[in-house]
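Summary of structural features
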Amino acid sequence: MDKEKLNSYAARVAQANRSELVVIIYEAFLDSVEEGTKLLQAGEIPACRREIERAKGLLNELLGSLDFSYEISFYLRRLYIFANQELCQGVAERDGERFAHAADIIRKLLPAFQEVAEQDHSQSVMENVETIYAGLTYGRDSLNESVDMGKDVNRGFQA
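Everything numeric in this text was worked out from a predicted model, so none of it was measured.

What follows deals with helix α3 (residues 45-64). Between its terminal C-alpha atoms α3 stretches 28 Å, which fits the 28 Å expected from 20 residues at 1.5 Å a residue. Here α3 has its buried residues at Ile 45, Ala 47, Cys 48, Glu 51, Ile 52, Ala 55, Lys 56, Leu 58, Leu 59 and Leu 62. Structurally, α3 contributes buried residues whose contacts are with α2 (18-41), α4 (72-93) and α5 (96-119).

As structure tokens, this is what we get:
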């Protein structure tokens with residue numbers, strides 16, 4: 001995944017609530033698997049492995065965030081484990097179809113989590129971060145992004 005896309009995800013994470021974080025992880029997973037598939041087809045195996053490892057790390061994050069007081073978590077756990085196995089087999093066998101199976105699982109779950117995120121109006125998980133607005137200003141030969149620090153410019157760790 002290129003640096004610009006990673007920065008985009010980082011900016012979204014800074015402003016996201018719990019439901020939105022799950023959506024962001026799903027989208028990042030799909031991007032990593034897509035990039036890994038392209039790299040596999042291009043014969044760039046080490047780079048492919050790095051992207052698939054990133055995708056596996058995202059799956060592990062999803063697994064670790066499951067709340068087993070809800071029955072659906074047990075079903076999601078099975079799906080995440082199966083997707084992880086498909087990624088592992090895909091790397092071992094250099095088989096892009098396995099990557100596609102893993103991506104299909106997450107792609108089918110994504111709309112449901114997007115719907116939940118739209119209905120969730122809770123506060124952002126991260127506090128004391130930069131407020132980022134979607135507006136851009138146009139210069140003579142460039143676009144300028146503005147970052148508003150908000151009311152409190154005292155960022156960082158507070159003891």
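Still to come is the rest of the account.
Right, let's get into the pattern of salt bridges. A complete count under the given rule lists 8 salt bridges for this structure. Where Glu 27 meets Arg 12, a salt bridge forms, and the shortest distance between an N and an O atom there is 2.6 Å. Highlighted residues: Glu 27 in helix α2 and Arg 12 in helix α1 (residues 3-15), separated in sequence by 15 residues. The exposure class of Arg 12 is partly exposed, given its relative accessible area of 33%. In the salt-bridge network here, residues are joined through shared partners; they are Glu 86, Glu 93 and Arg 98.

How each quantity is defined
- Residues numbered from 1 in each chain as written.
- Predicted model: local features only at pLDDT ≥ 70, side-chain atom pairs only at ≥ 80, totals over all residues.
- Heavy atoms only, no water.
- Helix = DSSP H or I, 4+ residues; strand = E, 2+ residues; numbered from the N terminus.
- Expected span 1.5 Å × (residues − 1).
- Buried < 20%, exposed > 50% of the residue type's maximum accessible area, 1.4 Å probe, protein only.
- Contact = heavy atoms within 4.5 Å.
- Salt bridge = Lys/Arg side-chain N within 4 Å of Asp/Glu carboxyl O.

The values are spatial; any link to function lies outside them.
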